[in-house]
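# Structural overview for review
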Amino acid sequence: MRLKRKKVKDKNSMTMTVNEDFMKELNRQIKRRPETAANYRRRYEEDSENDWNCGSWFEYLLIVILSTILLVGVLVLTLFWILFYRDGFAWSDDPKLQFNLHPTLMVAGFITLSGFSILLYRLCRCLKHIYVKLIHMFFHACAIPCVALGFLSVFDSHNLSDPPKVNFYSMHSWLGFVTMGMFVLQFVVGFFSFLVLLCCENRTYKCRSIMVPIHASFGLVNFMLAIATCITGLVEYERQDAGNPVLSSRNSEIEHYIINSLGIVLVAIGIIVSVAVRRSNAPATAKVYVTERC
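The notes below deal with the structure included here. (Residues numbered from 1 in each chain as written. Predicted model: local features only at pLDDT ≥ 70, side-chain atom pairs only at ≥ 80, totals over all residues. Heavy atoms only, no water.)

## Points about helix H2 (residues 54-85)
Compared with an ideal rise of 1.5 Å per residue, which puts 32 residues at 46 Å, H2 spans 45 Å between its outermost C-alpha atoms and is within 8% of the ideal. Just downstream of H2 lies Asp87, where phi reads positive at about 65°. (Helix = DSSP H or I, 4+ residues; strand = E, 2+ residues; numbered from the N terminus. Expected span 1.5 Å × (residues − 1).)

## Concerning the pattern of salt bridges
Counting across every chain of the model gives 1 salt bridge. Linking Arg86 and Glu255 is a salt bridge whose minimum nitrogen-to-oxygen distance equals 2.9 Å. Of the two residues, Arg86 sits in the loop between H2 and helix H3 (95-99) while Glu255 sits in helix H8 (residues 249-278), which places them 169 residues apart along the sequence. (Salt bridge = Lys/Arg side-chain N within 4 Å of Asp/Glu carboxyl O.)

## Some details on the side chain of Asn100
Mapped onto the elements of the fold, Asn100 is located in the loop between H3 and helix H4 (101-123). Residues in contact with Asn100, not counting those within four places in the same chain, are Ile82, Arg86, Gly88, Phe89 and Tyr237. (Contact = heavy atoms within 4.5 Å.)

## Structural notes on the layout of surface pockets
Size it by volume and the largest pocket reaches roughly 990 Å³. Lining the largest pocket are 50 residues, with Phe99, His102, Pro103, Val154 and Tyr237 positioned closest to its centre. Counting only elements with at least two residues in the lining of the largest pocket, the list comes to H2, H3, H4, helix H5 (129-160), helix H6 (171-194), helix H7 (205-240) and H8. Ranked by the residues each element gives to the lining of the largest pocket, the list is headed by H7, at 8 residues. Of the residues that constitute the lining of the largest pocket, the class distribution is 27 nonpolar, 17 polar and 6 charged. (1 Å grid on protein atoms, 1.4 Å probe; cavity = no way out; pocket = protein on both sides within 12 Å on 5 of 7 lines; lining within 4 Å. Points joined across faces, edges and corners; volume = space filled by probe spheres on them. Nonpolar A, V, L, I, M, F, W, Y, C, P; charged D, E, K, R; others polar.)

## Observations concerning the state of the cysteines
Under the criterion given, the structure shown has 0 disulfides. Free cysteine Cys146: the closest other cysteine sulfur is in Cys142, separated by 7.6 Å. The exposure class of Cys146 is buried, given its relative accessible area of 16%. (Disulfide = S-S within 2.5 Å. Buried < 20%, exposed > 50% of the residue type's maximum accessible area, 1.4 Å probe, protein only.)

## A word on the nonpolar core
Membership of the largest hydrophobic core comes to 42 residues, with the highest contact counts inside it found for Val74, Trp81, Phe110, Ile111, Leu266, Ile269 and Val273. Those elements that provide at least two residues to this core are H2, H4, H5, H6, H7 and H8. Residues in contact with Ile269, not counting those within four places in the same chain, are Leu70, Leu71, Val74, Ile111, Phe223 and Ile227. (Core = buried A, V, L, I, M, F, W, Y, C linked by side-chain atoms within 4.5 Å.)

## Some thoughts on the packing of aromatic side chains
What characterises a pair of aromatic rings is the spacing of the ring centres plus the angle enclosed by the ring planes. Within the structure shown, the criterion is met by 10 aromatic pairs. Seen in terms of ring centroids, Phe80 and Tyr85 are 5.9 Å apart; in terms of plane orientation they differ by 70°. Their pairing is edge-to-face. Look at Phe168 and Phe177: their rings are 5.6 Å apart centre to centre, the planes differ by 80°, and that puts the pair in the edge-to-face class. Exposure remark for Phe168: the relative accessible area of 34% places this residue in the partly exposed category. Grouped by ring-pair contacts, the aromatic residues Phe151, Phe155, Phe168 and Phe177 constitute a single cluster. (Phe/Tyr/Trp six-rings, centres within 6.5 Å; stacked < 30°, edge-to-face > 60°.)

## Thoughts on the side chain of Thr179
The topology assignment puts Thr179 in helix H6. Taking relative accessible area as the criterion, Thr179 reaches 1% and is therefore assigned buried. Of the polar contacts made by the side chain of Thr179, one reaches the side chain of Thr229; its length is 3.3 Å. In contact with Thr179, other than residues within four places in its own chain, are Phe110, Asn222, Leu225, Ala226 and Thr229. (Polar contact = N/O pair within 3.5 Å; in protein donor to acceptor, adjacent residues only side chain to side chain.)

Set out below in structure tokens:
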């Protein structure tokens with residue numbers, strides 16, 4: 001009996017010890033929760049583990065410089081082509097010159113402004129994240145009137161031509177229609193998800209964290225669609241004017257090289273933007289928190 005009582009007493013003692021250890025661990029975890037939450041809300045640039053080395057800074061500067069040159073260069077090259085080889089711009093009084101607004105405004109809106117918007121959001125490290133969001137939205141907002149005027153110019157140009165041209169018959173026009181629809185949808189979803197919902201930041205945090213990869217993926221797809229649309233438009237434009245007797249053989253040859261150069265630059269932009277977006281703006285070993293991307 002004494003031996004049995006001793007075993008029961010030892011068992012109760014062990015149970016009390018286990019319960020005490022469990023309660024101590026539970027209290028320690030509860031006390032650590034505010035600290036952990038604060039760490040997750042801290043941006044990774046403030047974490048000493050995420051300091052950049054020389055290779056990371058070199059990669060960052062190389063992407064910034066190359067992307068700036070390409071995004072500005074494609075617009076400058078388009079303007080050079082239209083102004084010096086396509087007689088400039090006009091509105092409804094000259095449908096042929098009105099059409100020249102279409103490639104210029106679409107490149108400005110879908111490629112240059114949208115490209116800068118995407119890259120600034122991923123690469124800008126010198127501002128608070130809310131300001132980066134506002135700049136991201138501002139560049140996309142500036143692209144909207146460019147896209148709208150570019151669409152109206154080609155639509156009017158086709159209708160005012162003699163004889164009128166058919167709208168929405170080519171692969172280029174179909175891709176352009178899909179790209180414009182996705183662009184508008186992305187802008188509306190991004191505006192309400194990441195700016196309007198900030199008024200209830202704590203309650204909408206989970207929703208915004210879920211929307212981040214969706215918005216980012218469809219944004220990149222939309223940008224690649226815009227590049228594909230521009231390239232198909234250049235091919236269609238060159239094919240239509242291949243037998244134009246007004247153009248001299250010299251001008252036709254120069255335009256051929258300009259159009260090819262535009263296509264190569266557009267492909268290079270697609271590559272550099274994909275690299276910048278797919279890689280985090282921190283080294284591969286860095287910790288990236290959800291709040292940084294939201």
